[in-house]
Amino acid sequence: MRPPGRFRLPHAGYRPAMPSNTRTRVALPRSRRALLRTAVAGTAAAGAGLALGPVFPASAATGEAESDSRPTTPAQALRRLAAGNRRWRTYHEEHPHESAPLRRRLVAAQHPFAVVLGCIDSRVPPELVFDQGLGDLLTVRSAGEVLDEAVLGSIAYGVLELRIPLVLVLAHQSCGAVAAAVHADETGEPLPAHIQYLADQIRPSIDHGQQGEARIDATVNAHVRGVRRRLAAEPDLAAKVATGELAVVAARYELRDQHVRTLS
Ligand SMILES: [Zn+2]
């Protein structure tokens, strides 16, 4: 890590989503209004930055040869992750980048090629499900991949200081944090203080058009798309998306088949 003075935080402060019963009573500060204006441009730029289908690129899914050089573009980074996920779900893991010489090289510096923002769920560790090793991924994890200022600052560090070309926001099937948020919304029962914070962040994405397990499943997708949108709207990240240096992508991991699929 570079000295603290080199670590530039995003210009716009992060503002958590407010509970619906209080949101209308809070005036938006100037920085938030600027952020919202940028969000429109940032979202458009994100769409233009990298065209992706509902699944990872086919070239990677069929076992494209993987060089050991660090991916430097969003497309290369996505292909590297897709190839690793294919190895994982077909039980052909390589467990790369764990050797003694590599560990010694990493003492001097790190050059991870992707930021993965994922849930804390013990069944979805990014290094395993993408079959990556030391120095490959900058992982940030919070329950339900919820954003807060620390999460945002961690992602910004990876993009702005380590020049990482891809931020992948990874949701997953049967997310307990999303289920808890949906349950709290349906019953009105308060959750313990810090868990309620998580639920408050997820609540705006609850899909009331669905019922039961389908509601939880649809909310998993809506929430991860919302997190992706909010990240892509951050001015510092949006600027890099606009030039094609960065892609911010939403994806979802299925516990049943261990497949990661991107979400449009
Ligand atoms: Zn989860």
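Chains are numbered independently. Their residues run from 1 in the order of the written sequence. The predicted origin of the model limits local features to residues at a pLDDT of at least 70 and limits the giving and counting of side-chain atom pairs to 80 or more, whereas totals for whole chains, interfaces and linings rest on all residues. Side-chain calculation: all heavy atoms of the structure are included, whereas hydrogens and water are not.

Student: Is there a simple way to explain the side chain of Arg215 in this structure?
Tutor: Numbered from the N terminus, helices here are DSSP runs of H or I no shorter than four residues, and strands are runs of E no shorter than two. Residue position: Arg215 is located in helix H10 (residues 212-232). Owing to a relative accessible area of 8%, Arg215 belongs among the buried residues under this scheme. Residues are treated as being in contact if the distance between any of their heavy atoms lies within 4.5 Å. Among all residues touching Arg215, those that are not within four sequence positions of it are Val182, Glu186, Ile206, Asp207, His208 and Gln210. Think of it in three bands: with a 1.4 Å probe and only protein chains considered, a residue is buried below 20% of the maximum accessible area for its type, exposed above 50%, and partly exposed in between.

Student: Which parts of the structure should I look at to understand the coordination of the zinc ion?
Tutor: Where a metal carries four tetrahedral donors, each ideal angle is 109.5 degrees; where it carries six octahedral donors, the ideal angles are 90 or 180 degrees. Excluding water, the donors of a metal are its N, O and S neighbours within 2.8 Å, or within 3.2 Å for Na, K and Ca, and that exclusion means sites may look incomplete. Within the protein, the zinc ion binds to Cys119 (SG), His172 (NE2) and Cys175 (SG); these donor distances fall in the range 2.0 to 2.3 Å. The sequence motif formed by the donor residues of the zinc ion is C-x52-H-x2-C. Linking Cys119 in the loop between strand E1 (114-118) and helix H6 (126-129) with Cys175 in the loop between strand E3 (166-172) and helix H8 (176-187), this pair joins segments that are 56 residues apart in sequence. Considered together, Cys119 and Cys175 belong to a single accessibility category, that of buried residues.

Student: How should I be thinking about the UniProt feature "binding site: Zn(2+)" (unreviewed entry) in the chain in this particular structure?
Tutor: UniProt positions are given in the numbering used here, feature names are shortened, and annotations may be inferred rather than shown by experiment. This chain's UniProt record puts "binding site: Zn(2+)" (unreviewed entry) on Cys119, Asp121, His172 and Cys175. For the annotated residues, spread through 57 residues, the largest C-alpha to C-alpha distance comes to 8.7 Å, consistent with a single compact locus. On the basis of relative accessibility, which here comes to 6%, the residue Cys119 falls in the buried class. When near neighbours in sequence (up to four residues on either side) are disregarded, Cys119 contacts Arg141, Ser142, Ala143, Gly144, Glu145, Leu170, His172 and Cys175. Tracing the sequence through the fold places Asp121 in the loop between E1 and H6. By relative accessible area, which is 13% here, Asp121 ends up buried. Excluding its chain neighbours within four sequence positions, the residues that come into contact with Asp121 are Arg141, His172 and Ser174.

Student: Please explain the sheet that holds strand E4 (residues 247-253) as it appears in this structure.
Tutor: Strand pairing in a sheet relies on backbone hydrogen bonds, with the paired strands running either antiparallel or parallel. In this description, strands pair whenever DSSP reports at least two bridges between them. Strand order in the open sheet formed by five strands is E2-E1-E3-E4-E5, with mixed pairing between adjacent strands. Since the sheet does not close on itself, it has two edges, and those belong to strand E2 (137-141) and strand E5 (260-263), each with one partner. Ignoring which end each strand starts from, the neighbouring axes of this sheet average 30° apart. Relative to E2, E1 is paired through five bridges, and the arrangement is parallel. Paired with Gly118 across the strands is Arg141, a residue of E2. All axes are obtained by fitting lines to C-alpha atoms, using only the stretch in contact for helices, and the reported angles, taken between N-to-C directions, cover 0 to 180 degrees. Across the sheet, helix H7 (residues 149-161) is in contact with E1, E2 and E3; its angle to E2 comes to roughly 170°.

Student: I keep staring at the nonpolar core and nothing clicks. Help me out?
Tutor: Across soluble globular proteins, you tend to see nonpolar side chains buried next to one another. The term nonpolar core refers to a set of buried residues drawn from Ala, Val, Leu, Ile, Met, Phe, Trp, Tyr and Cys, joined through side-chain atoms within 4.5 Å. Residues Leu117, Ile155, Val167 and Leu231 are the most contacted members of the largest nonpolar core, which totals 40 residues. The greatest single-element share of this core, amounting to seven residues, is contributed by H7. Setting aside its immediate chain neighbours within four residues, Val167 contacts Val115, Ile155, Val159, Leu231, Leu246, Ala247, Val248 and Val249. Formed by 19 residues, the second largest nonpolar core is a distinct cluster that contains Ala77, Leu81, Val124 and Leu168.

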